[in-house]
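# Coordinates in review
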Amino acid sequence: MEVVTLAKLKKDKFYLVQEDILPEAIKKTIKVKEILKLGEAKTINEAVERMDLSRSAYYKYKDYVFPFYEIAQGKIVSITVSMSNDPGMLSSILRAIADSNGSILTINQDIPLQGIANVTIAFETKDLSTSLEECLDNIRSIRGILKVEILGQA
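Naming follows an unreviewed UniProt entry, where the protein chain appears as UPF0735 ACT domain-containing protein HMPREF9282_01848 of Veillonella seminalis ACS-216-V-Col6b.

## A word on unusual backbone geometry
With a phi close to 55°, aspartate 52 is a non-glycine residue in the positive phi region. Note that aspartate 52 resides in the loop between helix 2 (44-50) and helix 3 (55-61). One non-glycine residue with positive phi stands out, namely asparagine 101, at about 70°. For asparagine 101, the location among the structural elements is in the loop between helix 5 (89-99) and strand 5 (103-109).

## Comments concerning the pairing of strand 5
One face of the sheet, then the other: side chains in a regular strand alternate in exactly this way. Where strand 5 meets strand 6 (residues 116-124), six bridges bridge the pair, whose relative direction is antiparallel. Within the sheet, the bridge partner assigned to isoleucine 107 lies in strand 6 and is isoleucine 121. The antiparallel pairing of strand 5 with strand 6 creates a hairpin that spans six residues between the two strands, and glutamine 114 there sits at a positive phi of about 50°.

## Remarks on helix 6 (residues 132-140)
Among the residues making up helix 6, those that are buried are Leu132, Cys135, Leu136 and Ile139. End-on view of helix 6: buried residues confined to an arc of 95°, all on one side of the axis.

## A few points about the sheet that holds strand 5
Spatially, the four strands line up as an open sheet ordered 5-6-4-7, and their pairing is antiparallel. This sheet does not close on itself; its edge strands, each paired only once, are strand 5 and strand 7 (145-153). Taking each pair of neighbouring strands and ignoring which way they run, the sheet shows an average axis angle of 20°. In this structure, strand 4 (residues 76-84) lies alongside strand 6, joined through nine bridges in antiparallel fashion. Residue pairing in the sheet places threonine 80 in a bridge with threonine 120 of strand 6. Where helix 5 meets the sheet, it contacts strand 4, strand 5, strand 6 and strand 7, and its direction lies at approximately 25° from that of strand 6. Across the sheet, helix 6 lies against strand 4, strand 6 and strand 7, angled at about 150° from strand 7, the strand it touches most.

## Topic: the environment of glutamate 133
Positionally, glutamate 133 belongs in helix 6. Classification of glutamate 133 by relative accessible area gives partly exposed; the value is 34%. Here the alpha-carbon distance between glutamate 133 and proline 67, two residues 66 residues apart in the chain, equals 10.0 Å.

## Re helix 5
Of the positions making up helix 5, those classed as buried are Met89, Ile93, Ala96 and Ile97. Buried residues along helix 5 cover an arc of 95° about the axis, so they all sit on one side. One or two steps after helix 5, the chain reaches asparagine 101, where phi turns positive at roughly 70°.

So, how was this worked out
- Residues numbered from 1 in each chain as written.
- Predicted model: local features only at pLDDT ≥ 70, side-chain atom pairs only at ≥ 80, totals over all residues.
- Heavy atoms only, no water.
- Helix = DSSP H or I, 4+ residues; strand = E, 2+ residues; numbered from the N terminus.
- Pairing = 2+ DSSP bridges.
- Buried < 20%, exposed > 50% of the residue type's maximum accessible area, 1.4 Å probe, protein only.
- Arc of directions from axis to C-beta.
- Axes fitted to C-alpha atoms, helices over the stretch in contact; angles between N-to-C directions.
- Contact = heavy atoms within 4.5 Å.

See below:
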């Protein structure tokens, strides 16, 4: 349930699909693309053999499946964060985004209720030095962060 993928079913029409319902060939294609991207295999042949996937299946799906966070690169992403109402929390979140070279566009923080503060942040991801997933994981690892969710992207 951790990895979310986009499967392109029709031109310009995308669906968000949970990984565990995808056919094995599509899951393996995603893994082959990851292996190649990370340089763990030098050739497509080597990568597909490693994943026990036919080359024809790889070529059939490779241009149509992408990790969700990869699609979000170069976009504007809006997130909502629930956090404890402690001094410096918002600053820590903004620092985590800045450390990944995200460019903050808007910040909207609600009045804290019962010790919980909620903030919505929109930021540009085109110059991220990390993946969006890693940037969000860095925010989640901040002490006092209760929840981080993507609201949308443009």
